[in-house]
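Read off the chains here:
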Amino acid sequence: MIRDRVIACLLFAVAFAGLVMQRMSPFSDFPWAVEAVVAVAAVTSGLTGVWLWVRSARQRSSGAEAEVEADAGASASND
C-alpha cells in the first residue's frame, strides 16, 4: 500500500511537470507532435496516479473491514 502511494506521488509529480512544461514559453517552440506526446504522458501519469491512490485506499479500507470481521468472528466463537 505504501509502495502504491509513493508511486502515485511520483506520477503526480511527473504529471505536474508535464503540464507546467506546456505553459512555459520555450516549450512553445517545439513541434506540435512533441507537445501532444508530453500532454498525453502528463494526463496518463496523472490518471495512473489517481488509480493507484484509489486502489491503495480501497485495499486499506477492505483490509480494515476484514480485520473487524475476523475479530468479531473470533470473539463470537470464544463465547
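Keep in mind that what you see is a predicted model, and the values were worked out from it rather than measured.

How each quantity is defined
- Residues numbered from 1 in each chain as written.
- Predicted model: local features only at pLDDT ≥ 70, side-chain atom pairs only at ≥ 80, totals over all residues.
- Heavy atoms only, no water.
- Helix = DSSP H or I, 4+ residues; strand = E, 2+ residues; numbered from the N terminus.
- Buried < 20%, exposed > 50% of the residue type's maximum accessible area, 1.4 Å probe, protein only.
- Polar contact = N/O pair within 3.5 Å; in protein donor to acceptor, adjacent residues only side chain to side chain.
- Contact = heavy atoms within 4.5 Å.
- Salt bridge = Lys/Arg side-chain N within 4 Å of Asp/Glu carboxyl O.
- Patch = residues over 30% accessible without salt bridge, like charges linked within 9 Å, V, L, I, M, F, W, Y side chains within 5 Å.
- Areas by Shrake-Rupley, 256 points an atom, 1.4 Å probe, with all protein chains shown as cover.
- Phe/Tyr/Trp six-rings, centres within 6.5 Å; stacked < 30°, edge-to-face > 60°.
- Lys NZ or Arg CZ within 6 Å of the ring centre and 35° of its normal.

## Brief notes about the side chain of Ser56
Inspection of the secondary structure puts Ser56 in helix H2 (residues 32-78). We classify Ser56 as buried; its relative accessible area is 1%. There is a polar contact of 3.0 Å between the side chain of Ser56 and the backbone oxygen of Trp53. Dropping the residues within four chain positions of it, Ser56 is found in contact with Met1, Asp4 and Arg5.

## Quick look at the pattern of salt bridges
This structure, assessed with the given rule, holds two salt bridges. Notably, a salt bridge pairs Arg3 with Asp4, separated by 3.8 Å at the nearest N-O pair. Here Arg3 falls in the exposed class, since its relative accessible area comes to 58%. For Asp4, a relative accessible area of 4% gives the class buried.

## A few points about the environment of Gly46
Its location among the elements puts Gly46 in helix H2. Owing to a relative accessible area of 16%, Gly46 belongs among the buried residues under this scheme. Between the alpha carbons of Gly46 and Ala13 there is a distance of 8.5 Å; along the sequence they are 33 residues apart.

## Side note on a nonpolar patch on the surface
Together, Phe12, Val50, Trp53 and Val54 give the surface a local cluster of nonpolar side chains, amounting to about 300 Å² of exposed area. If one sorts the elements of the nonpolar patch by residue count, H2 sits on top with three residues. Relative to the assigned elements, Val50 resides in helix H2. The partly exposed category is assigned to Val50, whose relative accessible area is 42%.

## Section: the packing of aromatic side chains
Per the counting criterion, the structure on display carries one aromatic pair. When the centroid spacing of 6.4 Å and the interplanar angle of 45 degrees are considered together, the rings of Phe12 and Trp53 count as tilted. Of the two residues, Phe12 is situated in helix H1 (residues 2-23) and Trp53 in helix H2; the sequence distance between them amounts to 41 residues. Using a relative accessible area of 30% as the deciding quantity, one classes Phe12 as partly exposed. In this arrangement the basic side chain of Arg5 is found over the ring face of Trp53, its NZ or CZ atom lying 4.0 Å from the centre.

## Quick word on the environment of Gln22
Take Gln22: it is sitting in helix H1. Given a relative accessible area of 30%, Gln22 falls into the partly exposed group. For Gln22, the side chain forms a polar contact with the main-chain oxygen of Glu35, separated by 3.4 Å.

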